[in-house]
Amino acid sequence: MAAPDLLDPKTAAHNSKPRLSFSAKPVVLNTPEDECDTRTTVMRWKTVSAIFFLVVLYLIIGATVFRALEQPQENSQKLAILAEKLKFLDLHSCVNASELEDLVKQVVSAVRAGVTPTGNLSLQTSLWDLSSSFFFAGTVITTIGFGNISPHTEGGRIFCIIYALLGIPLFGFLLAGVGDQLGTIFGKGIAKVEKMIVVRHAFYKWKVSQTKIRVISTLLFILFGCLIFVALPAVIFKHIEGWSTLESIYFVVITLTTIGFGDFVAGEKGHLTEGGSESLEYLNYYKPVVWFWILVGLAYFAAVLSMIGDWFRVISKKTKEEVGEFRAHAAEWTANVSAEFKETRRRLSVDIYDRFQRAASIKRKLSSELGINTSLNPEITPGKRTLSANLCEDRDAYPNLTLSLSPVPGALTRNGSLFLNGLSPDYADRREVAIVENLK
Amino acid sequence: MQSVSRSWLLLSGFVLFYVIYLLFGALVFSSIERPVEERLRHDMQVLTQEFLNRSCVNAASLELFLLKVLRANKYGVSVIGNSSGATNWDLTSSMFFANTLVTTVGYGHTSPLSDAGKAFSIFYALLGVPFTMLVLTACVQRLMYPLVIAPVGALQSSGLNPRPATTIHFVVLLVLVLLGFFLAPAAVFSTLEASWTFLDGIYFCFISLCTIGLGDFVPATQPGLKHRGLYQISVMVYLFLGLMMMYLLLSFFHKMADLHGLTTLLQLPRCDDSDLEDDREPIVADQPKGPPLKDKAASKPLDPSSQATYNSISKG
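Residues numbered from 1 in each chain as written. Chains lettered and ligands numbered in written order. Predicted model: local features only at pLDDT ≥ 70, side-chain atom pairs only at ≥ 80, totals over all residues. Heavy atoms only, no water.

Some details on the overall build of chain A
In step 1: Broken down by element type, chain A carries 12 helices and two strands.
In step 2: Going from N to C terminus, chain A has its helices and strands arranged as α-α-α-α-α-α-α-α-α-α-α-β-β-α.
In step 3: Among the 440 residues that make up chain A, the fraction classed as buried is 45%.
In step 4: When contacts within chain A are restricted to residue pairs at least 6 apart in sequence, those whose partners lie at least 24 apart make up 65%.
In step 5: As displayed, chain A has an accessible area near 23,700 Å², and 64% of this comes from carbon and sulfur atoms. (Helix = DSSP H or I, 4+ residues; strand = E, 2+ residues; numbered from the N terminus. Buried < 20%, exposed > 50% of the residue type's maximum accessible area, 1.4 Å probe, protein only. Contact = heavy atoms within 4.5 Å. Areas by Shrake-Rupley, 256 points an atom, 1.4 Å probe, with all protein chains shown as cover.)

Right, dumping it as structure tokens:
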């Protein structure tokens, strides 16, 4: 790159690195690390706020889509239940509306406490027997928090707080350990595959293979994981719980991302059945299996989600890099172009001045020969227009120059058209310019 | 070899301890809650019987009706009063819902009814959760400077050793967060929400900020609330800020544990000191180690304790 040398000899030393901050001042940046620090600090604020706005935008988009999808359903549900209520009241005329509402309120709060008033109450299993409490404790610690069961006593709530305070970090460590083992197992497999493939490739193909293998291995990881932790459990849930396919997958995703709405909970159905010994039996080892699946599935999901997060970061980093590179390139290109332009201007101005001098001398000769009196013509002649157009052609070739150039002493540009060095059209003789044109 | 067997030993120790912890919790919850449940069940029985006796309704049709009501109620559609109350899916409520989805709190007071809504939530969550984690970690990284590193540095330069300095500052920060993000909001909630006590407010704050989100208490859901939209938005802001502070505390705690040598003792993932750098190696690094997932930090869950080393994932 010859151009940077023209402008600033000091920057020639930094030619190899793409400069991300091209400024007019020729300050040599101290060390690369310092540059990195200040640059990354500045950029990270921007990154953070950019990502923040993106998240808010994402939320708003989600909100509008959810509203569009759900509100009609909700309205129809409302109408349906209202119709039911009216029908019920009609059918059973001895019940009045307020009594019914009272009952319903009680029923709803009872259900929230886990007691279902439908079915034969005496046969229902408790929501707080040991296995269900175990499950509840699990949902608290993993922060899934379904909410189909929740403590209602004050003591229960206080204990829940303390329990969670200690249990969540504990579970975090456990998950780290499990995920680590998972990752190690998988990583060993990948290493073996890589070794096999690498042996076959020549050395110069190393980098390409690595990337491909890495991408393929991540894809494989996602695929296998999905199969084992998402598809298989979804099928099992669909079979045992009687949900639809979508509902099973929905439950799996909502649980493993620890969102845990609680509208679908595995093993909940057992409480609503009429309690045969069969259903109780399978529940006994169904729930621990579900819990174990949650543990390993969470580790897998954490890995997948952190991978997606990594991609976001890589994308944002790449975008930043690209933007930085683009800016560097743009700055260098601007520098080149401005240097060339200055050169051209200088040449042109010299050229014009030469021609002007020649024109002046020719005019003197002519006037001395012909004895003609010249007069100033205030209108712009085609000659001048052509002249300025020719000179401005160069300007059109570099459209952005006027924006990025710093003022050069004795600037030739003013209001987008070129003027002669110190000379303006007011001084230029139209006729002389016309003569210059003809000479061209 | 010794370290490998040691790590397996430690892992099984963790699992065992975790199971014991769960059992312990189960026992305590069971003993506290069960009697209350029994009483409630008994009350319900009495109530239903009374209702049935007094009126001409038979048990079967009442049950049918109740089942329908309960199913509607699970999705937030209430039959009480006239049904022209506030919808659960206007813009701010939907945004609140999207927020609970994306921060993994997931109250469940409303959940998608339609199939399309469920499918959309799956994809929305899969993208939105890491997104939010990214934002939160980025914010926490930025906040670490003024809130943690600078004061600790100040304490150290006034003559304290690193360990006591960090401990003192941690305690101070903890107390401040408790005051500002638990006690104060709890007081606000207990005044704004009709049926909440102060304890309920604290319980709600804790359950939300740990992203457990049981959903038994959800603000801004009582009918006839004025400025509901504004209330919901301020709750969302509070949740976001609170989550950030929790992550900050946790990553500070992680750094402290590092400093005190706990993490190396228990072979837990270390806090990476160079997570100040923004420029990390991309996923497809040149090193022929395992994929970045292999890194311990990458496999931690979405709970707060993992995020300390989020940005050190590709360190490998």
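There is more to say after this.
Considering the overall build of chain B
In step 1: A count of helical and extended segments in chain B gives eight helices and zero strands.
In step 2: Every one of the 316 residues in chain B was classed for burial, and the buried ones make up 54%.
In step 3: By sequence separation, contacts in chain B at least 24 residues apart represent 62% of the contacts at least 6 residues apart.
In step 4: Summing over all exposed atoms, chain B offers an accessible surface of approximately 13,400 Å²; the carbon and sulfur share of this is 68%.

Description of the packing of aromatic side chains
In step 1: One pass over the structure, following the stated rule, counts 25 aromatic pairs over all chains.
In step 2: Pairing F251 of chain A with W293 of chain A gives two aromatic rings, centres 6.3 Å apart and planes at 35 degrees, and the pair type is tilted. Here F251 of chain A, found in helix α7 (residues 245–256), pairs with W293 of chain A, found in helix α9 (residues 277–370); they are 42 residues apart in sequence, far enough to count as distant. Accessibility classification places F251 of chain A together with W293 of chain A in one group, the buried group.
In step 3: Joined through ring pairs, the aromatic side chains of F96, Y107, F181, F189, W196, Y203, F204, F217 and Y238 of chain B make up one cluster.
In step 4: Lying over the aromatic face of Y203 of chain B, R157 of chain A brings its terminal NZ or CZ to 5.4 Å of the ring centre. (Phe/Tyr/Trp six-rings, centres within 6.5 Å; stacked < 30°, edge-to-face > 60°. Lys NZ or Arg CZ within 6 Å of the ring centre and 35° of its normal.)

Thoughts on the UniProt feature "transmembrane region" (unreviewed entry) in chain A
Residue and element names in this part refer to chain A.
In step 1: What UniProt calls "transmembrane region" (unreviewed entry) maps, in this numbering, to residues 48–69, 127–146, 158–178, 215–237, 249–267 and 290–312.
In step 2: Helix makes up 100% of residues 158–178 and strand 0%. Its end C-alpha atoms lie 30 Å apart.
In step 3: Secondary structure across residues 215–237 divides into 100% helix and 0% strand, with the first and last C-alpha atoms of the span separated by 32 Å. (UniProt positions renumbered as here; feature names shortened; annotations may be inferred.)

Notes on the pattern of salt bridges
When the charged atoms of two side chains with opposite charge come close together, those side chains can pair.
Residues and elements named next belong to chain A.
In step 1: Across all of its chains, the model carries six salt bridges over all chains by this definition.
In step 2: Across the salt bridge formed by K85 and E101, the nearest N and O atoms sit 3.3 Å from each other. With a gap of 16 residues between them, K85 in helix α2 (residues 32–91) and E101 in helix α3 (residues 97–112) connect regions that are remote in the sequence.
In step 3: Taking the relative accessible area as the measure of exposure, K85 reaches 8% and is therefore buried.
In step 4: For the salt bridge of E343 with R346, the shortest nitrogen-to-oxygen distance reads 3.0 Å. Placement of the pair is E343 and R346 together in helix α9, with a separation of three residues, close to one helical turn. (Salt bridge = Lys/Arg side-chain N within 4 Å of Asp/Glu carboxyl O.)

Some remarks on helix α3 (residues 91–102) of chain B
Residues and elements named next belong to chain B.
In step 1: With 12 residues, α3 extends 16 Å from end C-alpha to end C-alpha; this agrees with the ideal 16 Å at 1.5 Å per step.
In step 2: Burial within α3 is extensive, with 10 of its 12 residues counted as buried.
In step 3: Turning to α3, its buried residues are S93, S94, M95, F96, F97, A98, N99, T100, L101 and V102.
In step 4: Once α3 finishes, T104 follows within two positions and takes phi at roughly 60 degrees, a positive value. (Expected span 1.5 Å × (residues − 1).)

With respect to the nonpolar core
In step 1: By size, the foremost hydrophobic cluster in this structure holds 121 residues, and its most contacted members are F237 and W293 of chain A.
In step 2: The element that contributes the greatest number of residues to this core is helix α7 (residues 228–259) of chain B, accounting for 15 residues.
In step 3: Residue contacts for W293 of chain A: discarding those within four places in its chain leaves F229, P233, F237, F251, V252, L256 and L298 of chain A.
In step 4: M44, L62, L66 and A72 of chain B belong to the second-largest nonpolar core, a separate cluster that totals 20 residues. (Core = buried A, V, L, I, M, F, W, Y, C linked by side-chain atoms within 4.5 Å.)

Some remarks on the UniProt feature "transmembrane region" (unreviewed entry) in chain B
All names here are of chain B.
In step 1: UniProt records the feature "transmembrane region" (unreviewed entry) at residues 6–29, 122–148, 168–189, 201–218 and 230–250, using the numbering of this structure.
In step 2: Span residues 122–148 is 100% helix and 0% strand, its end C-alpha atoms 37 Å apart.
In step 3: Its end C-alpha atoms 10 Å apart, residues 201–218 is made of 50% helix and 0% strand.

With respect to a nonpolar patch on the surface
In step 1: Where nonpolar side chains cluster on the molecular surface, the patch consists of I216, L220, F224, L227 and I228 of chain A and spans about 490 Å² of accessible area.
In step 2: With respect to the helices, strands and loops of the structure, L227 of chain A is situated in helix α6 (residues 206–241). (Patch = residues over 30% accessible without salt bridge, like charges linked within 9 Å, V, L, I, M, F, W, Y side chains within 5 Å.)

Structural notes on unusual backbone geometry
Residue and element names in this part refer to chain B.
In step 1: We note that T104 has phi near 60 degrees; this positive angle belongs to a residue other than glycine.
In step 2: Here T104 lies in the loop between α3 and α4 (115–157).
In step 3: With phi around 60 degrees, T211 is a residue other than glycine that occupies positive phi space.
In step 4: Here T211 is to be found in the loop between α6 (198–209) and α7.

Some points on α4 of chain B
In step 1: Across its 43 residues, α4 of chain B extends 60 Å between first and last C-alpha, which sits within 8% of the 63 Å expected from 1.5 Å per residue.
In step 2: One or two positions beyond α4 of chain B, positive phi appears at G159 of chain B, with a value near 110 degrees.

Let's talk about the environment of L174 of chain A
In step 1: Considering the arrangement of structural elements, one finds L174 of chain A in helix α5 (residues 154–200).
In step 2: As for L174 of chain A and L295 of chain A, which are separated by 121 residues in sequence, their C-alpha atoms are 9.1 Å apart.

So, the state of the cysteines
In step 1: Tallied over the entire structure, the rule returns zero disulfides over all chains.
In step 2: Note on C160 of chain A: no disulfide assigned, nearest cysteine sulfur contributed by C210 of chain B at a separation of 9.5 Å.
In step 3: Here C160 of chain A falls in the buried class, since its relative accessible area comes to 0%. (Disulfide = S-S within 2.5 Å.)

Concerning the packing of α3 of chain B against α4 of chain B
Residues and elements named next belong to chain B.
In step 1: Following both chains from N to C, one finds α3 and α4 inclined at 65 degrees, their axes separated by 8 Å at the closest point. With respect to α4, the axis of α3 lies roughly perpendicular. Residues A98, L101 and V102 of α3 touch α4, and the partners they reach there are S121, Y124, A125, G128, V129 and T132.
In step 2: Residues belonging to the contact of α3 with α4 are distributed by class as follows: six nonpolar, three polar and no charged. (Axes fitted to C-alpha atoms, helices over the stretch in contact; angles between N-to-C directions. Parallel < 35°, antiparallel > 145°, perpendicular 65-115°, else oblique. Nonpolar A, V, L, I, M, F, W, Y, C, P; charged D, E, K, R; others polar.)

Re the packing of α3 of chain B against α7 of chain B
Residues and elements named next belong to chain B.
In step 1: Direction vectors running N to C along α3 and α7 enclose 20 degrees, while the axes themselves pass 9 Å from each other. Considering the angle they form, α3 stands roughly parallel to α7. The element α3 and its partner α7 pack so that their crossing is left-handed. For the pair formed by α3 and α7, the contact residues are T92, S93, M95, F96 and N99 on the first element and R228, G229, Q232, I233, V235, M236 and L239 on the second.
In step 2: When grouped by side-chain class, the residues that make up the contact of α3 with α7 number six nonpolar, five polar and one charged. (Left-handed = near helix turned anticlockwise from the far one by under 90°.)

Remarks on the environment of G117 of chain B
In step 1: Considering the arrangement of structural elements, one finds G117 of chain B in helix α4.
In step 2: Under the relative-accessibility criterion, G117 of chain B is labelled buried at 0%.
In step 3: With sequence-adjacent residues up to four places away left out, G117 of chain B is seen in contact with F66, L69 and E70 of chain A together with P112 of chain B.

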